[in-house]
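# Chains, contacts and geometry: an overview
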Amino acid sequence: MTKETKRKKKSESGLIDITQKKFRLSDYLAEKVIKGVAFLSITIVVLIFIFVFRESLPIFSNAKAPEKTELASRTVETQETYGEVTDKTATAEVQETYGEVTDKPAAGDVQETYGEVTDTTAQTNPAEKSYTVSAGSGNDDNRGALKSLLTKDWVPVSEKPRYGILALIIGTFKITIISILFAAPVAILAALYTASFASRRMKEIIKPTIELLAGFPSVVIGFFALMVLATFLQNVFQYDTRLNSFVGGIAMGIAAIPIIFTITEDALTAVPKTFNEASLALGASKWQTAFFVILPAATPGIFAAVLLGIGRVFGETMIALMATGNAAQMGLNPFESVRTLAATIGAEMAEVVFGDTHYNVLFLIGSLLFIFTFILNAIAEFYVKGKLMKRIQGK
Amino acid sequence: MIKSFRKNIKGILIEGLTLSSALLIIAIIVVMIVVIVIGGKNQISWEFLTSFPKDGMTKGGIFPAIYGTALLVIIMSVAAVPFGTITAIYLTEYAKENAIIAKVIRFAVRTLAVIPSIIYGLFGLGFFIKFVGVQMDNTFLGGQLKWGQPNILWASLTMALLTLPVVIVSVEEALKTVPKDLRAASLALGATKWQTIWRVVLPGSVSGIMTGTILAVSRGAGEVAPILFTGVAYYVATLPGSFSDQFMVLGYHIYVMTTQSANVDQTLPIQFGTTLVLLALTFILNISAIILRYRIRKKKTN
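Residues numbered from 1 in each chain as written. Chains lettered and ligands numbered in written order. Predicted model: local features only at pLDDT ≥ 70, side-chain atom pairs only at ≥ 80, totals over all residues.

## Here's the deal with the overall build of chain A
- Scanning chain A from N- to C-terminus turns up 19 helices and two strands.
- At a minimum sequence separation of 6, the contacts of chain A that also span at least 24 residues come to 77%. (Helix = DSSP H or I, 4+ residues; strand = E, 2+ residues; numbered from the N terminus. Contact = placed C-beta atoms within 7 Å.)

Below, the structure written as structure tokens:
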């Protein structure tokens, strides 16, 4: 209706008939629909944030209940002592069991062993009583969860579940560092070769092949790591646990290589030809130009590439599930089994009771992952791009 | 003389270092392919591809997993390709290059591309199953549980969100290769903007839309994390017949067989066989996408 009247008004004024296009309903609708659909991507990002975060909210809301705060704080203390005791008594066992983790669905079993050991030590502890009191009502479960978040015990399946994600965070960072230390130099050097040294023919082999690697499903890389790479690396480095953060890190590095390579290569080829020519004209050799002129000019882009590689590794689930051993341990030794944040969600979400604390904590971990990758992407997008453009345009 | 020789040696060493990095990556790819092909080639037979798993999944074929994967990517493409194409059309045809809206949409698309796949799984669970599904059950079925649980529809839609940026980026690239002159000519002949897009721009970028679809299908066929808790099943005795059924998928089959199976050694051939099938599938899809894209780029430079 309103469109009709608008149209009439326009034609009444007479002048616009030639200069302005005739109004067409189909065109108008098409534009509106297309615009609406385009907004969908923004909507999805917002929805993902809202819904992932929403499911983790109960932890915070219930934790605000003011009662028994004193008891709760004491609980934390006792939990810390539990933690130490548990570590000493249980790690040995867990490590032993962990050699075979992939052979059977052992994740649950091991957690139970963890839990049992903790419980027996707890009974000898005089502070036990206060703990039981505070674990009395339903809300306390949530409050305990929030309080225990920053401890190192990840024992979600036991009589007194504890959700310390510290070990998971350390495990995730450990794997990320290992895989980036492996993937970044290899990918950047390979990109430098393709951009500066390779003949056209070589380029046409290398680029599609690495694009092909980008299409490898992560479950296939995980399978390869589990079946072949783990055994191979164990034979070379002679460590005890077959599946550990080293194997997982290398496997995830393989997954991250194509991302780092592609973006670095783009950044290197975006450096203006004049840079290259000027350097060569000044008498620098080909490799000097590549290393001292082109590489520095593209640093922001390479930085972005590494950031996105980190994002990829950080959230990688299937490789982590298959090749890291999945034991939540704090140690910094790269040849120990670890459990990453993403793998924890992947392994436990299917067995969890919808709506209970464990479920909420897993969503909280998801929110953490989301926020982390979002920030990484934002940095790569805005900061780096602005800098790169400035540098290349010489402003 | 000596100095230049030294310089040369250094140059050769450094160039050799970069070359060996490139070769290392290619070697890794080749080793992976060779190992999986050698391990799985004896397992591949017509029977393996067309029969159900038998004897507690220790024998038999992987037909339901292939069928489930195909169904998943079909539903996913039906959802992702139109929306992705339309978004790409908006970005190239309607939005002004430096408009804030276009920038925000581009940022959102790139964010979607880097969000870890497991987060999509959580979103699928929190949004599609626990929110939309439960609401549907309450309004249409009076609280009877049908949609408020994992099924193939929710899994496919979750996967569609994951593959949306893949489609958008490919189609956008293809739309940009359609020459400005063609658009101008069409508009000059009196066609409206929408007519120009529908009759001139889109037909000129069909191959780009196909590339996007193929890449999305390849990605969707290989991802496991998003569907872990939105619809995939360890074993189903019948093929999924409706949207509310659970289903099997090749990638999840590999994961389950390698980590949850009672006897890993006994099922090793099946694991290699399944991995080979999945790898071959994504391989073929990716190669065709690469070839298509190569043609588009060639057209652009001409």
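## Topic: the overall build of chain B
- When helices and strands are counted, chain B shows eleven helices and two strands.
- Along chain B, helices (α) and strands (β) appear in the sequence α-α-β-β-α-α-α-α-α-α-α-α-α when read from the amino end.
- Split into buried and exposed, the 302 residues of chain B put 47% on the buried side.
- Of the contacts formed within chain B by residues at least 6 apart in sequence, a portion of 76% connects residues at least 24 apart. (Buried ≥ 20, exposed ≤ 12 C-beta atoms within 10 Å, placed from the backbone.)

## Let's talk about the environment of Leu181 of chain A
- Structurally, the position occupied by Leu181 of chain A is in helix α10 (residues 166-197).
- When the C-alpha positions of Leu181 of chain A and Ile250 of chain A are compared, they lie 9.2 Å apart, and in sequence the two are 69 residues distant.

## Here we look at helix α11 (residues 200-214) of chain A
Residues and elements named next belong to chain A.
- Helix length check: α11, at 15 residues, gives a terminal C-alpha distance of 21 Å against a target of 21 Å (1.5 Å per residue), a fit within 8%.
- Looking at α11, one finds that the buried residues are Ile206, Ile210 and Leu213. Buried residues of α11, viewed axially, fall in a sector of 45°; they line one side. Exposed residues pointing more than 90 degrees away from the buried face of α11 are listed as Arg200, Arg201 and Glu204. (Expected span 1.5 Å × (residues − 1). Arc of directions from axis to C-beta.)

## Quick word on the confidence of the model for chain B
- Residues at a pLDDT of 70 or more form 97% of chain B, whose mean pLDDT is 88.
- Predicted as a complex, the structure gets a pTM of 0.82 and an ipTM equal to 0.91. (pLDDT = per-residue confidence, 0-100.)

## Quick word on the packing of helix α14 (residues 273-281) of chain A against helix α15 (residues 286-297) of chain A
Residue and element names in this part refer to chain A.
- α15 packs onto α14 with a crossing angle of 150° between their chain directions and a minimal axis gap of 10 Å. When the axis of α14 is compared with that of α15, the two are roughly antiparallel. In this structure, the crossing between α14 and α15 has a hand that is right-handed. Contact residues: α14 offers Phe275, Asn276, Ser279 and Leu280, while α15 offers Thr289, Val293, Ile294 and Ala297.
- By residue class, the composition of the contact of α14 with α15 is five nonpolar, three polar and no charged. (Axes fitted to C-alpha atoms, helices over the stretch in contact; angles between N-to-C directions. Parallel < 35°, antiparallel > 145°, perpendicular 65-115°, else oblique. Left-handed = near helix turned anticlockwise from the far one by under 90°. Nonpolar A, V, L, I, M, F, W, Y, C, P; charged D, E, K, R; others polar.)

## Describing the environment of Ala160 of chain B
- Mapped onto the elements of the fold, Ala160 of chain B is located in helix α6 (residues 152-177).
- With residues near it in sequence (within four places) discarded, Ala160 of chain B still touches Met76, Ala79 and Ala80 of chain B.

## Some remarks on the nonpolar core
- Ala187, Ala225, Ala251, Ile257, Ile260 and Ile319 of chain A together with Ile119 of chain B are the most contacted members of the largest nonpolar core, which totals 183 residues.
- Two domains each donate at least three residues to this core, and these are domain 1 (58-164) and domain 2 (167-393) of chain A.
- Filtering out sequence-adjacent residues up to four positions away, Ile319 of chain A remains in contact with Ser218, Ile221, Gly222, Ala225, Gly248, Ala251, Met252 and Ala255 of chain A. (Core = buried A, V, L, I, M, F, W, Y, C linked by C-beta atoms within 7 Å. Domains from an automatic or database assignment.)

## Thoughts on the environment of Pro240 of chain B
- With respect to the helices, strands and loops of the structure, Pro240 of chain B is situated in the loop between α9 (206-222) and α10 (250-259).
- Pro240 of chain B has contacts with Gly68, Leu71, Ile152, Asp245, Gln246 and Phe247 of chain B, leaving out every residue within four places of it along the chain.

## Quick look at the confidence of the model for chain A
- Summary statistics for chain A give a mean pLDDT of 75 and a share of 71% for residues scoring 70 or more.
- Across residues 64-138 of chain A, where pLDDT falls below 50, the model places 93 contacts with residues more than four positions away in sequence or in other chains.

## Side note on the interface of chain A and chain B
- Counting residues at the interface gives 73 residues for chain A and 68 residues for chain B.
- Classifying every residue of the side of chain A that touches chain B gives 49 nonpolar, 14 polar and ten charged.

## Notes on the packing of helix α4 (residues 40-54) of chain A against helix α4 (residues 100-114) of chain B
- At a minimum axis distance of 8 Å, the contact between α4 of chain A and α4 of chain B shows a crossing angle of 50°. In terms of their interaxial angle, α4 of chain A and α4 of chain B are classed as oblique. As for the relative orientation of α4 of chain A and α4 of chain B, their crossing is left-handed in sense. For the pair formed by α4 of chain A and α4 of chain B, the contact residues are Ser41, Ile42, Ile44 and Val45 of chain A on the first element and Val104, Ile105, Ala108, Val109, Thr111 and Leu112 of chain B on the second.
- Of the residues belonging to the contact of α4 of chain A with α4 of chain B, the class tally is eight nonpolar, two polar and no charged.

## With respect to unusual backbone geometry
Residue and element names in this part refer to chain A.
- If you check the backbone angles, Gln238 has positive phi at about 55° while not being a glycine.
- Among the secondary structure elements, Gln238 is positioned in the loop between α12 (218-237) and α13 (245-270).
- On the basis of neighbour counts, which here come to 8 C-beta atoms within 10 Å, the residue Gln238 falls in the exposed class.

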